[in-house]
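Structural characterization, general
Here is how the chains run, residue by residue.
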Amino acid sequence: MATEAEVKGEEVEDPAKQVMMTIKGEVEQKFLGEVHEKEVNVVPEALVIGGGIAGMYAALDIAEAGFKVHLVERTPSIGGHMAQLDKTFPTLDCSACILTPRMVDVGAHPNIDLLSYSEVVGVEGSVGNFKVKVLKKARYVDEDKCTGCSLCADACRLKNRFPNEFDLGLMKRSAIYRPFPFAIPAIYTVDGENCLMVKRGKCGKATLESTIEAVKKRERGEEVTKDEAPPCVLACDANAIRHDMKDEIIELNVGGIIVATGYDVIDPQVSPEYKYGVYPNVIHGLEFERFSSASGPTMGKIQVNGKEPEDAVFISCVGSRNKQTGYEYCSRVCCMYLAKQAHLLKEKVPDCNITILYQDVRAFGKGFEEFYDRVKEEGINYRRGLAAEIYRKPGSDRVVVRAEDTMLGEAYELEADLVVLGVGLRPSEGSEKLFEMLGISQTVDRFAKEAHPKLRPVDTEVEGVFVTGCAQGPKDIPDSVAQGKAAAAALLSLLAGGKAKIRPSVAEIEEEMCVGCHSLREMAAQIATK
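Residues numbered from 1 in each chain as written. Predicted model: local features only at pLDDT ≥ 70, side-chain atom pairs only at ≥ 80, totals over all residues. Heavy atoms only, no water.

1. Digging into helix 4 (residues 95-108)
Compared with an ideal rise of 1.5 Å per residue, which puts 14 residues at 20 Å, helix 4 spans 20 Å between its outermost C-alpha atoms and is within 8% of the ideal. Taken together, the buried positions of helix 4 are occupied by Ser95, Leu99, Met103 and Val106. Down the axis of helix 4, the sector holding all buried residues measures 60°, keeping them to one side. Opposite the packed face of helix 4, turned more than 90 degrees from it, sit the exposed residues Cys97 and Ala108. (Helix = DSSP H or I, 4+ residues; strand = E, 2+ residues; numbered from the N terminus. Expected span 1.5 Å × (residues − 1). Buried < 20%, exposed > 50% of the residue type's maximum accessible area, 1.4 Å probe, protein only. Arc of directions from axis to C-beta.)

2. Considerations on the packing of helix 9 (residues 285-292) against helix 10 (residues 334-348)
In a packed pair of helices, the relevant descriptors are the angle between the two axes and the axis-to-axis distance. At a closest axis distance of 11 Å, the pairing of helix 9 and helix 10 adopts a crossing angle of 30°. At the point where helix 9 passes helix 10, the crossing takes the left-handed sense. Here helix 9 contributes Gly285, Phe288, Glu289 and Ser292 to the contact with helix 10, which in turn contributes Tyr337, Lys340, Gln341, Leu344, Leu345 and Lys348. Taken together, the residues of the contact of helix 9 with helix 10 sort by class into four nonpolar, three polar and three charged. (Axes fitted to C-alpha atoms, helices over the stretch in contact; angles between N-to-C directions. Left-handed = near helix turned anticlockwise from the far one by under 90°. Contact = heavy atoms within 4.5 Å. Nonpolar A, V, L, I, M, F, W, Y, C, P; charged D, E, K, R; others polar.)

3. What to know about the state of the cysteines
This model, assessed by the stated rule, comprises zero disulfides. There is no disulfide at Cys330, and the cysteine sulfur nearest it, in Cys335, is 6.4 Å away. (Disulfide = S-S within 2.5 Å.)

4. Quick look at the packing of helix 3 (residues 53-64) against helix 13 (residues 477-497)
Running from N to C, helix 3 and helix 13 cross one another at 35°; their axes reach a closest spacing of 8 Å. Helix 13 is crossed by helix 3, and the crossing has right-handed handedness. Of the residues in helix 13, those in contact with Ile53, Ala54, Tyr57, Ala58, Asp61 and Ile62 of helix 3 are Ile477, Ser480, Val481, Gly484, Lys485, Ala488, Leu491, Leu492 and Leu495. A class-by-class count of the residues in the contact of helix 3 with helix 13 yields eleven nonpolar, two polar and two charged.

5. Looking at the sheet that holds strand 27 (residues 465-467)
A sheet is described by the order of its strands in space; here five strands give the open sequence 6-3-2-16-27, paired in parallel fashion. Each end of this open sheet is capped by a strand with a single partner; those strands are strand 6 (112-116) and strand 27. Along the sheet, successive strands turn relative to each other by an average axial angle of 15°, direction set aside. Relative to strand 6, strand 3 (residues 68-73) runs parallel, the two being bridged by five bridges. Paired with His70 across the bridge in strand 6 is Asp113. (Pairing = 2+ DSSP bridges.)

6. Focus: the sheet that holds strand 20 (residues 353-358)
Read from one edge of the open sheet, five strands run 18-25-19-20-21, paired in parallel fashion. Strand pairing shows two members of the sheet lacking a second neighbour, strand 18 (282-284) and strand 21 (381-384), which therefore form its edges. Strand-to-strand, the axes of this sheet are offset by a mean angle of 25°, without reference to chain direction. Looking at chain direction, strand 20 and strand 21 are connected through four bridges and run parallel. Within the sheet, the bridge partner assigned to Leu357 lies in strand 21 and is Arg383. Packing of helix 10 onto the sheet brings it into contact with strand 19 (311-318), strand 20, strand 21 and strand 25 (418-423), and relative to strand 25 it is tilted by some 155°.

7. Quick look at the pairing of strand 19
Among the eight residues that make up strand 19, eight are buried, leaving the element largely enclosed by the rest of the structure. Here strand 19 pairs with strand 20 via five bridges, running parallel. Opposite Val313, over in strand 20, you have Thr355 as the bridge partner. For the handedness criterion, the β-α-β arrangement of strand 19, helix 10 and strand 20 is classed as right-handed. Looking at chain direction, strand 19 and strand 25 are connected through five bridges and run parallel. Bridge pairing links Val313 to Val419 in strand 25. (Right-handed = clockwise from strand over helix to strand, strands pointing away.)

Dropping the structure here:
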């Protein structure tokens, strides 16, 4: 039966809402009092996590403005995945040519404290005053003495025994190594998991104790025999190798943080029908970049099983845009990097028959559509519809790609010497743990969640923490650079101001989530009787 107020058309306030407002008012009055914003001083230093192209530009902009920047990179060198590329689309600029000068700038800038081979392990505090712990892993090489001469790697007893991570295992390295020729910092790193001296305390007849003593003797200018020290120590004219080094924790105090942790490629084995890892002539896009690069395993020659391919097939959207693999999003760069790689293959092997299998071509950026048209005019065949499976042709090293042309509605098979899988991008390894440490939320795709996708694309919900590059979502190099500079500008406005306002947290009831239990009413009754 309707109440008198409802009959008269008056608005009736929900009793439960009245109770909740009462509780809120009583709690704020009794325990918080009037809530005031607190102003704190901002530490005039910044932390950038990740030394890829986005992190490098963010660090350079902040450093150029006169503030100190701590740049933390977990691998032995900065440069990120861009350092692995041969050319960049759509302009076909040499990746190393445009990246290396920026890497040198970062390594030489007086305001940038470069902490490579390090990772963040703890974060406390709030905007203006973050206390950060960084684990600096032992390189077993004195960074101030190493000249990057490569004599130690050539002399190593385990020379060319281990997969080189930079070349995705396509080349081998020694137990002491430099990731790639133009790596910054230009120093060597001992692989502690594989070095005999670090792992077992002995290399040849030399022991750790004799090696430590041999290093001291060399500093005094005394002669050292081959039984007193391993070959790498004897070969190092700078006497920079220190097998007794330990990991150390560095504590930093910074005013703001930029997260630029980049991406990893999706493991092609999430699509087992393509036989990645089974057939040697099925590779993924980043591996093709290393084959195409002059610094790669084949010195820039595209060779499979020792010969140039006569037929090649490129398959887009491997792993991404697929509910079954768990990566439902578009990675944005795959269509264009496959077009670029097809162009490079055609340029290096003009007689090769090249086919690209695609779902949709998404040429969304500046100059992308024109580049896509250019590639098609070069005689590269585009066929709509992804491959169903790949199998080896009986009695041959070649493979057969089985697919359906969805434009014509007919199935077909293509023989190929080379298949390149256009794998998508995913958040980098360890980023989820870092996001949790910083208090940053994640999207359903497991990338960092921005404060607002349109109006605050580099801010996070944590005041003073910003996100940029592929840590925020898949994007190409120009967008990563632009976002890196945007994050630097946002952080600079905080550092330049010198002050930051902090408002104490106040708990509020989320009405949509409330299930209407009786505990609130009981609490309100108790407060009312006091």
